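This is what each chain is made of:
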Amino acid sequence: MARILVYNNDTNRMETYYRGEQEAMPYVTNRTLTVKEFKGSSRKQCTLDRKKSNASVE
């Protein structure tokens, strides 16, 4: 289970989500990107993302 931190530009707050590797990333429509695809080969349990830009920051 991965912990995903997303910075929401609309509310200026961090949001925390817990997802399995085969589940869709938060704010992704139609399961176009899973947690495993986003993390790639990273072994970190926590992933940081931005809502609008989807830029990975680790």
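Residues numbered from 1 in each chain as written. Predicted model: local features only at pLDDT ≥ 70, side-chain atom pairs only at ≥ 80, totals over all residues. Heavy atoms only, no water.

Trainee: How should the pattern of salt bridges be read in this particular structure?
Mentor: Between side chains of opposite charge, a pair can form as their charged atoms come close. According to the stated counting rule, one finds one salt bridge in the structure shown. Put simply, K39 and E21 hold a salt bridge, and the shortest N to O gap is 3.3 Å. In this pair, K39 sits in helix α1 (residues 35-39) while E21 sits in the loop between β2 (13-19) and α1, placing the two residues 18 residues apart along the sequence. According to the relative accessible area criterion, K39 is buried, its value standing at 9%. Overall, E21 belongs to the partly exposed group, its relative accessible area being 36%. (Salt bridge = Lys/Arg side-chain N within 4 Å of Asp/Glu carboxyl O. Helix = DSSP H or I, 4+ residues; strand = E, 2+ residues; numbered from the N terminus. Buried < 20%, exposed > 50% of the residue type's maximum accessible area, 1.4 Å probe, protein only.)

Trainee: How should the packing of aromatic side chains be read in this particular structure?
Mentor: Geometry of an aromatic ring pair is reported as the spacing of the ring centres plus the angle between the planes. For the coordinates displayed, the defined rule picks out one aromatic pair. Ring geometry for Y17 and Y27: centres 6.3 Å apart, planes at 80 degrees, overall edge-to-face. Taken as a pair, Y17 in strand β2 and Y27 in the loop between β2 and α1 lie far apart in primary sequence, 10 residues in all. On the basis of relative accessible area, Y27 is assigned to the partly exposed category, the value being 41%. (Phe/Tyr/Trp six-rings, centres within 6.5 Å; stacked < 30°, edge-to-face > 60°.)

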